[in-house]
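A look at the structure
Listed below, chain by chain, are the residues.
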Amino acid sequence: MDMGQLPILIPLPLFVMALVVPLAALARPGAAFPLALAAAAASATASALALAAVLDGGPMSYALGGWAPPLGIEYVVDHVAAYVSVVVTSVSLLVIVGTRRWAVREAGDRLGPFYGLVLLLLAGLLGMVVTGDLFNLFVFLEISSLAAYALVFMGGRAGMVAGFRYLVLGTIGGALYLLGVGFVYFATGTLNMADVARILEVDSSGRAVQAGAVLIFTGLGIKMALVPLHLWLPDAYTHAPSSVSTLIAPVMTKVGAYAMLRMFLSVFPDGYLRDAVPVADALLVLGLAGIVLGSVAAMAQTDLRRMLAYSSIANLAMIAVGLGIGTPLALVAALLHVMNHAVMKAALFSAVASVRLATGSSSVGGLAGLGRRMPLTMAAFTLGAVSMVGIPPAAGFFSKWYMAQAGLQDGQWLVAVVVLGSSLMTAVYLFRVLERAYFDPPNGHPPDGHLGRAPLVAGAAPDAPDVGAAGESPADVVLPALALGAATIVLGVLNVAIVTNVLEPGV
Amino acid sequence: MIEEIAARFPYWATAALIVIGLYGMIAKRSLVKKLIGMNIMQSAIILFFIAGSLREGASVPILFEAGRGASAEDFVNPLPHVLMLTAIVVGVAITGVALAFLVRLREEFGTLDEESLLEQVRR
């Protein structure tokens, strides 16, 4: 196979199948899930091959439709893009497997359109990852966002309201990004990222470029839920269907963060976002504020999904801090955290989805005694939690460690303090969950021999705690969650290899 | 001041429309009005791109006859128009999805007033 085609092969299977799946499901509803899974697997394979090819032969460029860049749209797969697309596709693959039961329950007879939207969401995200064109990035950003709005809207009455508010705020973000691209385009006369970088390298004095940079980062800030632009996120993640929040919480905002990183690495000249416009300083301050605010808000939540949503805000803020410091070590830490947070948040959300599947509840109080009754699910949750807190050798420790080091090297001791503090606060809100699950006696009835999955079968009210009847979730729910939990340890052990081989050449 | 505004009229119009749109999206309680504000803001950005493509004394970028007007100076920049065609498509898609949401919200809650929607959800 011609390796030069790999950049387009990453998003293409998803785009094609996003159209095919709803049509195929009209004829055979059962076909939706296997086809969606095949598309995600094809994209994951292309991503893995692309990563191998990049590690072997350096960055790849693909001229879309045969039109040579900078006039045509260019897809660029460098170390960073290949790495992020491998993370996004492999996490999504596991999540799609693990949430099949939820999808069947929540989408009902509309599984075809549901999986069509899921694939469209992933296609947009991966398009954002591989594109080397500013306007093309906008189009992919809106494709993925539109699919996400519709998926969140499927989450019942509260999800509908959250979905519409997400749409309004997300569209403001997209519009501001587009306006910023307009400023940059009229100042430089090009939309190709590498070309913009070349032109700005020579002359970046214009005020139009400064305005463009600020607008681009404000727009992307909304999409990645940077404090104080995060207000859409908690409701969207809490009220979205379980099959949806498990997917969008790990990957969606992370790609927004990646788009910001792209601006630092490939669009604006080195130091421009620090010296000419104070974007880096703003990211640093808002990031530090976001870590504290997100962690404090997470401690106050009694619903697991809402708690994890606020914890997402804190962790995205951590990535913003890495961009704000801007040294190579800090960018490596931010990128490592993109992967670590995607994997551990997927493990946590998958475990919560499994708990809700078995018990019908996602409140912290409803977890009592689950450590014994759902040992595998709670093992996945524990692995994710250990990594979130940052206990070696779990992956989460290393990105926080690099981040704190990067802060100290740059003389920003506050970064080290806040990163350490965030670990303590994460321990407070996650170990509280573990304590409840492992040490509290069950508050329901003891299992009476046949471990019935009452809510799933009998259709009980979705949020009525019924822990007494709960047993372990089926294997196809638990195993992906466990795999994600185990991955946090494996990736933690492998972190040096990832950093030296993939991330350091990339930044 | 007035000369400054007149010289850069499209930009001031863009800024004014964006502010009007943002005001509608943030301050209005009716979700329909929020959606209208969103459309105003998107239109403002389309206006901004089109205004940026113009050039004094230039014509549409079509080569009428060989030899005449072959210089790039004689044409307006066609690229922003093409970009805005795509942006309009994106905008129509978002508006379409949003209108579908509004229909479903209205069926489910019987109102499109934000305060009363949030109150019903909380209960």
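Residues numbered from 1 in each chain as written. Chains lettered and ligands numbered in written order. Predicted model: local features only at pLDDT ≥ 70, side-chain atom pairs only at ≥ 80, totals over all residues. Heavy atoms only, no water.

Residues and elements named next belong to chain A. In this model, helix 7 (residues 134–153) (20 residues) spans 29 Å end to end at C-alpha, consistent with the 28 Å of a helix rising 1.5 Å per residue. Most of helix 7 sits out of view: 19 of its 20 residues are buried. The backbone nitrogen of Phe 135 has a side-chain oxygen 3.0 Å away, supplied by the residue at the start of helix 7, namely Asp 133. (Helix = DSSP H or I, 4+ residues; strand = E, 2+ residues; numbered from the N terminus. Expected span 1.5 Å × (residues − 1). Buried < 20%, exposed > 50% of the residue type's maximum accessible area, 1.4 Å probe, protein only. Polar contact = N/O pair within 3.5 Å; in protein donor to acceptor, adjacent residues only side chain to side chain.)

Another point: a nonpolar patch on the surface. Side chains of Leu 12, Val 16, Leu 19 and Val 20 of chain A sit close together on the surface and give an oily, nonpolar patch of about 340 Å² of accessible area. Residue Leu 12 of chain A is classed as partly exposed on the basis of its relative accessible area, which comes to 38%. (Patch = residues over 30% accessible without salt bridge, like charges linked within 9 Å, V, L, I, M, F, W, Y side chains within 5 Å. Areas by Shrake-Rupley, 256 points an atom, 1.4 Å probe, with all protein chains shown as cover. Salt bridge = Lys/Arg side-chain N within 4 Å of Asp/Glu carboxyl O.)

Before going further, it helps to examine the packing of aromatic side chains. For the structure on display, the rule yields 20 aromatic pairs over all chains. Judged by centre distance (5.6 Å) and plane angle (80 degrees), the rings of Phe 217 of chain A and Phe 264 of chain A are edge-to-face. In this pair, Phe 217 of chain A is assigned in helix 10 (residues 207–223) and Phe 264 of chain A in helix 12 (residues 242–267), connecting sequence segments 47 residues apart. Of the two residues examined, Phe 217 of chain A and Phe 264 of chain A, each falls in the buried class. The interplanar angle of 80 degrees and the centroid separation of 5.1 Å between the aromatic rings of Phe 397 of chain A and Phe 398 of chain A together place this pair among those described as edge-to-face. For Phe 397 of chain A, a relative accessible area of 22% corresponds to the partly exposed category. By way of ring pairs, the aromatic residues Phe 183, Tyr 185 and Phe 186 of chain A together with Tyr 11, Phe 48 and Phe 49 of chain B are connected into one cluster. Between the NZ or CZ atom of Arg 100 of chain A and the centre of the ring of Phe 33 of chain A, over which it lies, the distance is 5.6 Å. (Phe/Tyr/Trp six-rings, centres within 6.5 Å; stacked < 30°, edge-to-face > 60°. Lys NZ or Arg CZ within 6 Å of the ring centre and 35° of its normal.)

Residues and elements named next belong to chain B. Summarising the element assignment, Lys 34 is placed in helix 3 (residues 31–53). Using a relative accessible area of 6% as the deciding quantity, one classes Lys 34 as buried. Within the structure, the side chain of Lys 34 is placed 2.8 Å from the backbone oxygen of Met 25, a separation counted as a polar contact. Here Lys 34 is in contact with Gly 24, Met 25, Ile 26, Lys 28 and Glu 114, once residues within four sequence places are set aside. (Contact = heavy atoms within 4.5 Å.)

What follows covers the confidence of the model for chain B. Put simply, chain B has an average pLDDT of 88, and 94% of its residues get 70 or more. Mean pLDDT values for the elements of chain B range from 78 in helix 1 (residues 2–7) of chain B up to 94 in helix 4 (residues 79–109) of chain B. (pLDDT = per-residue confidence, 0-100.)

Attention now goes to unusual backbone geometry. Residue and element names in this part refer to chain A. Residues Val 227 and Pro 228 are joined by a peptide bond in cis, for which omega reads 5 degrees. Within the secondary structure, Pro 228 is located in the loop between helix 10 and helix 11 (233–239). With an omega of 5 degrees, the peptide bond running from Pro 392 to Pro 393 counts as cis. Summarising the element assignment, Pro 393 is placed in the loop between helix 18 (375–389) and helix 19 (395–409). One non-glycine residue, Ala 225, lies in the positive phi region at around 60 degrees.

This part takes up helix 9 (residues 193–202) of chain A. Residue and element names in this part refer to chain A. Inspection of helix 9 places Met 193, Asp 195, Val 196, Ala 197 and Leu 200 among the buried residues, and these make up the whole buried set. In the core, the buried residues of helix 9 are packed alongside helix 7, helix 8 (156–188), helix 10 and helix 12. At the N-terminal boundary of helix 9, the capping side chain belongs to Asn 192, with an oxygen 3.0 Å from the backbone nitrogen of Ala 194.

Turning to the pattern of salt bridges, a few remarks are in order. Pairing between side chains of opposite charge can happen when their charged atoms approach one another. Applying the stated criterion to the full structure yields 14 salt bridges over all chains. The closest approach of N and O atoms between Asp 476 of chain A and Arg 101 of chain A, which form a salt bridge, is 2.9 Å. Linking Asp 476 of chain A in helix 22 (residues 475–493) with Arg 101 of chain A in helix 5 (residues 100–107), this pair joins segments that are 375 residues apart in sequence. Look at Asp 476 of chain A and you get partly exposed, because its relative accessible area is 23%. Between Arg 157 of chain A and Glu 108 of chain B there is a salt bridge whose closest N-O contact spans 3.3 Å. Pair noted here: Arg 157 of chain A is in helix 8 and Glu 108 of chain B is in helix 4, and the two residues belong to different chains. On the basis of relative accessible area, Glu 108 of chain B is assigned to the partly exposed category, the value being 31%. One salt-bridge network, held together by shared partners, links Arg 157 of chain A together with Arg 104, Glu 107 and Glu 108 of chain B.

Further remarks concern the environment of Phe 48 of chain B. All names here are of chain B. Within the secondary structure, Phe 48 is located in helix 3. The exposure class of Phe 48 is buried, given its relative accessible area of 4%. In the structure, Phe 48 is positioned 74 residues away from Arg 122 in sequence and 41 Å away in space, judged by C-alpha atoms.

Moving on, we come to the interface of chain A and chain B. A common way to express how large an interface is: the accessible area buried when the components associate. Contacts between the two partners involve 29 residues from chain A and, on the opposite side, 35 residues from chain B. For the chain A and chain B pair, buried surface summed over both sides reaches about 2,900 Å², with 87% attributable to carbon and sulfur atoms. Our enumeration of links across chain A and chain B arrives at two salt bridges. Our count for the chain A to chain B interface comes out at four residue pairs in polar contact (both at pLDDT 80 or more). Broken down by secondary-structure element, the contributors of at least two residues to the side of chain A that touches chain B are helix 7 and helix 8 of chain A. Ranked by the residues each element gives to the side of chain A that touches chain B, the list is headed by helix 8 of chain A, at 20 residues. Partitioned by chemical class, the residues of the side of chain A that touches chain B number 23 nonpolar, three polar and three charged. (Buried area = accessible area lost by both parts, 1.4 Å probe. Nonpolar A, V, L, I, M, F, W, Y, C, P; charged D, E, K, R; others polar.)

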